[in-house]
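The lines below spell out each chain.
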Amino acid sequence: MPVAAAAPLISSVQKLVLYETRARYFLVGSNPAETKYRVLKIDRTEPKDLVIIDDKHVYTQQEVRELLGRLDLGNRTKMGQKGSSGLSRAVSAFGIVGFVRFLEGYYIVLITKRRKMADIGGHAIYKIEDTNMIYIPNDSVRVSHPDEARYLRIFQNVDLSSNFYFSYYYVRFLGQHKNGRNVVINLAVVFRRLDGLKKKKSKMIPLAITKSYSYDLSHSLQYNLTVLRMPLETLKTETTQTRQESFDIFEDEGLSTQGGSGVFGICSKPYEKYVWNAKLLEAVRAAVHRDWLLYIIHGFCGQSKLLIYGRPIYVTLIARRSSKFAGTRFLKRGSNCEGDVANEVETEQILYDASVMSFSAGSYSSYVQVRGSVPLYWSQDISTMMPKPPITLDQADPYAHVAALHFDQMLQRFGSPIIILNLVKEREKRKHERILSEELVAAVTYLNQFLPPEHAIIYIPWDMAKYTKSKLCNVLDRLNVIAESVVKKTGFFVNRPDSYCSILRPDEKWNELGGCVVSTGRLQTGVLRTNCVDCLDRTNTAQFMVGKCALAYQLYSLGLIDKPNLQFDTDAVRLFEELYEDHGDTLSLQYGGSQLVHRVKTYRKIAPWTQHSKDIMQTLSRYYSNAFSDADRQDSINLFLGVFKPAEGKPHLWELPTDFYLHHKNTLGLSQTRKSYTYWWTTGVLKHLPLPFDEVTCAENRRKLTVKKFHKYEEEIDIHNEFFRPYELSSFDETFCLAMTNSTRDFMPKNVGIDPSPFTVRKPDETGKSVLGNKNNREETVLQRKTAASAPPPPSEEAVSSSSEDDSGTDKEDEGAVSQRSTPVKVTDTGDNTKITENVVQSTKDVYGVNLSDIPSEDDLAIYARFVQLGQSQHKQDKGSQQFCSKHPLDKVINLIPISSFSQDNIYEVQPPRADRKSIEIFHAHIQAGRGNMQPLGKDDFLMYREYIRNRYM
């Protein structure tokens, strides 16, 4: 019979060392424990071709040492000469970004520094800190080209140390079968064979299932934890065959079902829309083992710890920037001919209980929303040097062809309903932004004619700038109403069923929640798509409000709050707001060239008076970046993503008057197929709605999966070793979970006696830390973390300037990259320590609630003397050797006998009491619950719980 167990798979190539000889590069990769190695051989004698040999063999440490020793000996100039080494160590690295060629030979790009940014269920997400680009051909065969150096500079203008992320884990599901060989097979063949075996009456073959969960950065958490369970039920089916038929489901791959024991792993392809080095790996993808392939995303990743009475809840924000039609602000507007829009970013907020690391036994929840430019053919001419260039519709699209392609992509990935929140201006003296609104309404109206009413695209127009100008309207209150309606329609993902308390004590808002309810929890169906003109300031505030609403539902689903509602000025919301502001600053820098201009505090109208001057500087910086540096950045992005490929006889990248033809492929040739103007969606998508087509069980999705077989005791499935790494020396100062932003340390007031709940509304003078918008410098951040309470905001409030809205901002040179909230903050000593000490040291009245007297009373001294005598009488030492000396007359009279459950009881040793059978059973049940094996509740348990609810709430 099938059995179930959990075991994550870990990539076996996480450390790299590049060795070089005159004719070869040898890239040696190993797992973190350095027990398994793989070797790549790269030829350096080819001037323009890339020749890579991967023997696909797994070496031991001893085998690698012997191999390198032989290579060293064989490549010396003279046999036996020890002075000149034939094999030299070039560089150490943590992964391969890819291979690239311009006009000469190939380069290899290696990750040389990394930094841990987040942890999801024990799986680390790293940020690239530094890279090294190495030219492969040696000098003797190099054919120089005068323009090679210029292409190299353009390519390196894409700063890989700025917000590029990766994870070593690739998601697989494991099935155990009778075989001991390591192979890679095609999953489509497996399912064809399984379908055929169902129809035949033959001998039973036992099939044991082992599940593995891991995090693929290009996919959402819902996809990683839910979708890849699709093959599980199929593989659980007990198949039959007879020896006379000589039929085997793996015979095409040359496998045998006799003897041994192995584990099958199913690997999913990454979602290439959010992979930024897909073109760089294209040359080697088919030639090397998949452990060498490391897919990186671009965007934002931040994580903070929300402590709820000591219970650690990790709040993670991941933004994936699309690599399709990517570019800078004014140079990439609207959509290309394939439905890919500019500045498209998928933002996912993940919430999970960090006290349980396992994906199978832990509690995980996520919510996804999207931002992106209006999906039309439109642009803005920046040659006029105007702060707000006029908007131009480039092509007429009466059948909304490009919008249909875009929304078809969204239906496949997210399901229905697709909700559009359009924040552009509706009323203007001179028609500017309203041009986009009118065209978008016409496109959505046309497309909805052919969709079933229950799956129609929902369009919500709201002129946010108009409401901001009004003194009578509260922008965030209106956004909160919109957020509630959106989350109720889409629902969210959670990997556990509804709590029993929500059934006993149902909440009205919870019962109206949409999405898809399954036996294992809830699924998000549909997504909110927010846009303004630039998708920067207004969009980030709107996404924060929707995320705040979804966060309340996520906390409620995990049983952490009693109602799905969160208030401003609580530690939890302040922590979440800071994450979103860093998220917005990062995305704004990438697309607009500056940080955010208008923040959440600006729309709440509580921003300090100094914010206005900062906004002006951000506006000037954004204008300068758009006018003078965006063209160079756009060329770098085009070259990095492989949109432009240099070649002999073709115009150079800097000679092109425009890159329009590079991003619109229909201008280079007529398409042989044309989609229907009425049935504009992909075949099969409508049948599975509201579920996303990418997450349903079908033959097309099965073809995206691949099966690998390995031994069930491999280190690849030992998540405990990978996370805790007992083979490495570690310290608490460098532990990631202790260094990340903490709600108790960084946001909660330092006065004991105040409610420590992160859901309690704080007064301005009670906050442990104000939410930092534009930080002047890092010392200000350190001081605000060290002081007991931040000063209340000044009485003057800054009115919102609606004229610049999304068209202003600046980039701070002294900060470098945008602040990551999960970055450890090193507290440095400054000269002015007196003021800090005064804020930290508090009176006994503040700490204990009472003022301690200088001299204790005689009765208190007598009680304390008896306490000391009790400890002294338990010493296993002679009376004469005791150093205790008391002047109280009762010292020699009192003889206290300790009463304890311990047979031996003193300050040096104890003998624990024996646990009875019932206590042992309770402890074993607790251990099994941590592994996900819950015992069924009995009648007495239900009666006790009902009585508790009745006494507490009714």
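These numbers were taken from a predicted model, which means no experiment stands behind them. (Residues numbered from 1 in each chain as written. Predicted model: local features only at pLDDT ≥ 70, side-chain atom pairs only at ≥ 80, totals over all residues. Heavy atoms only, no water.)

Observations regarding the overall build of the protein
Piece 1. When you go through the protein residue by residue, the secondary structure sums to 27 helices and 29 strands.
Piece 2. Taken across its 954 residues, the protein has 51% of its residues classed as buried.
Piece 3. The contacts in the protein between residues at least 6 apart in sequence include a share of 75% that link residues at least 24 apart. (Helix = DSSP H or I, 4+ residues; strand = E, 2+ residues; numbered from the N terminus. Buried < 20%, exposed > 50% of the residue type's maximum accessible area, 1.4 Å probe, protein only. Contact = heavy atoms within 4.5 Å.)

Concerning the sheet that holds strand β1 (residues 15–20)
Piece 1. Taken together, five strands build an open sheet; the order of strands is β4-β3-β2-β1-β5 and the sheet is antiparallel. What marks the edges here is a single partner per strand, and that holds for β4 (52–54) and β5 (88–93). On average, each strand axis in the sheet is tilted by 20° relative to the strand beside it, whichever way the strands run.
Piece 2. Sheet analysis places β1 next to strand β2 (residues 24–30), joined by six bridges and oriented antiparallel. Along β2, the bridge assignment pairs L18 with L27. (Pairing = 2+ DSSP bridges. Axes fitted to C-alpha atoms, helices over the stretch in contact; angles between N-to-C directions.)

Quick look at empty space enclosed by the protein
Piece 1. Taken as a whole and judged by the stated rule, the model has 14 cavities of 30 Å³ or more.
Piece 2. Each pocket or cavity is described by its volume, and for the largest cavity that value is around 150 Å³.
Piece 3. Around the largest cavity, the lining is made up of 13 residues, and of these S220, Q222, R413, F414 and E695 lie nearest the centre.
Piece 4. Contributing elements (two or more residues each) for the lining of the largest cavity: α4 (221–226) and α6 (401–414). (1 Å grid on protein atoms, 1.4 Å probe; cavity = no way out; pocket = protein on both sides within 12 Å on 5 of 7 lines; lining within 4 Å. Points joined across faces, edges and corners; volume = space filled by probe spheres on them.)

Structural notes on helix α13 (residues 571–592)
Piece 1. Over its 22 residues, α13 runs 31 Å from end to end, which matches the ideal 32 Å to within 8%, given 1.5 Å per residue.
Piece 2. Of all 22 residues that make up α13, 22 are buried, and the element is covered over most of its length.
Piece 3. G593 lies just past α13 and shows a positive phi near 90°. (Expected span 1.5 Å × (residues − 1).)

Description of the packing of helix α12 (residues 537–557) against α13
Piece 1. Direction vectors running N to C along α12 and α13 enclose 145°, while the axes themselves pass 10 Å from each other. Crossing of α12 over α13 shows right-handed handedness. Along the contact surface, α12 presents N540, Q543, F544, G547, K548 and L551, while α13 presents V573, F576, E577, Y580, H583 and G584. (Left-handed = near helix turned anticlockwise from the far one by under 90°.)

Observations regarding the confidence of the model for the protein
Piece 1. Per-residue confidence for the protein averages 76 on the pLDDT scale, and 69% of its residues sit at or above 70.
Piece 2. Here strand β14 (residues 239–241) stands out as the least confident element of the protein, with mean pLDDT 31; strand β19 (residues 364–371) is the most confident, with 96.
Piece 3. Per-residue pLDDT stays below 50 along residues 1–8; that stretch engages in 26 contacts with residues further than four places along the chain or on separate chains. (pLDDT = per-residue confidence, 0-100.)

Concerning the pairing of strand β3 (residues 37–43)
Piece 1. Summarising burial for β3: six of the seven residues are buried, a large majority.
Piece 2. As paired strands, β2 and β3 are joined by seven bridges and run antiparallel to one another. Residue L27 lies in a different strand from β3, and its bridge partner there is L40.
Piece 3. What sits between the antiparallel neighbours β2 and β3 is a turn of six residues, in which E34 has the positive phi angle 55°.

Considering the pattern of salt bridges
Piece 1. For the structure shown, the criterion picks out 33 salt bridges.
Piece 2. With its nearest N and O atoms 2.6 Å apart, the salt bridge here joins D534 to R333. On the criterion of sequence distance, the pair formed by D534 in the loop between β27 (527–531) and α12 and R333 in the loop between β17 (311–321) and β18 (345–353) is long-range, its members being 201 residues apart.
Piece 3. A salt bridge links R745 to D746, with the shortest nitrogen-to-oxygen separation between them at 3.3 Å.
Piece 4. Given a relative accessible area of 2%, D746 falls into the buried group.
Piece 5. Several salt bridges converge on common partners, so that one network encompasses R320, E346, E348 and R413. (Salt bridge = Lys/Arg side-chain N within 4 Å of Asp/Glu carboxyl O.)

Section: α12
Piece 1. Over its 21 residues, α12 runs 30 Å from end to end, which matches the ideal 30 Å to within 8%, given 1.5 Å per residue.
Piece 2. In the segment just after α12, G559 is the residue with positive phi, at about 75°.

A look at unusual backbone geometry
Piece 1. A cis amide bond links S416 to the next residue, P417, at an omega of 5°.
Piece 2. Geometrically, the link from L689 to P690 is a cis peptide bond, its omega value of 10° lying close to zero.
Piece 3. Counting through the fold element by element, P690 comes out in the loop between α17 (685–688) and α18 (699–702).
Piece 4. A positive phi is found at A400, a non-glycine position, where the angle reads about 50°.
Piece 5. Its place among the elements puts A400 in the loop between β21 (391–393) and α6.

Digging into the packing of aromatic side chains
Piece 1. Under the defined criterion, the tally for this structure stands at 30 aromatic pairs.
Piece 2. Seen from their ring centres, Y314 and Y352 are 5.4 Å apart, and the 75° between their planes marks the pair as edge-to-face. In this pair, Y314 is assigned in strand β17 and Y352 in strand β18, connecting sequence segments 38 residues apart.
Piece 3. Among the residues examined, Y352 registers a relative accessible area of 2% and is labelled buried.
Piece 4. The rings of F102, Y107, Y135, Y151, F155, F164, W276, F640, F644 and W654 are connected pair by pair, giving a single aromatic cluster.
Piece 5. Seen from the ring of Y25, R44 lies directly overhead, with NZ or CZ sitting 4.3 Å from the centre. (Phe/Tyr/Trp six-rings, centres within 6.5 Å; stacked < 30°, edge-to-face > 60°. Lys NZ or Arg CZ within 6 Å of the ring centre and 35° of its normal.)

A short note on the side chain of R321
Piece 1. Its place among the elements puts R321 in strand β17.
Piece 2. Among buried Asp, Glu, Lys and Arg side chains, R321 stands out as unpaired, with E344 the closest opposite charge at 9.4 Å.
Piece 3. Beyond its immediate stretch of four places on either side in the chain, R321 contacts K273, Y274, W276, H298, G299, N343, E344, V345, L587, Q590 and Y591. (Lys, Arg positive; Asp, Glu negative; His and termini not counted.)

Describing the pairing of strand β6 (residues 95–101)
Piece 1. In terms of burial, β6 is largely enclosed, as six of its seven residues are buried.
Piece 2. Direction of pairing for β6 relative to strand β7 (residues 106–120): antiparallel, over a ladder of six bridges. Residue pairing for β7: V100 is matched across the bridge by Y107.
Piece 3. Hairpin connection, β6 to β7: the antiparallel pair is bridged by four residues.

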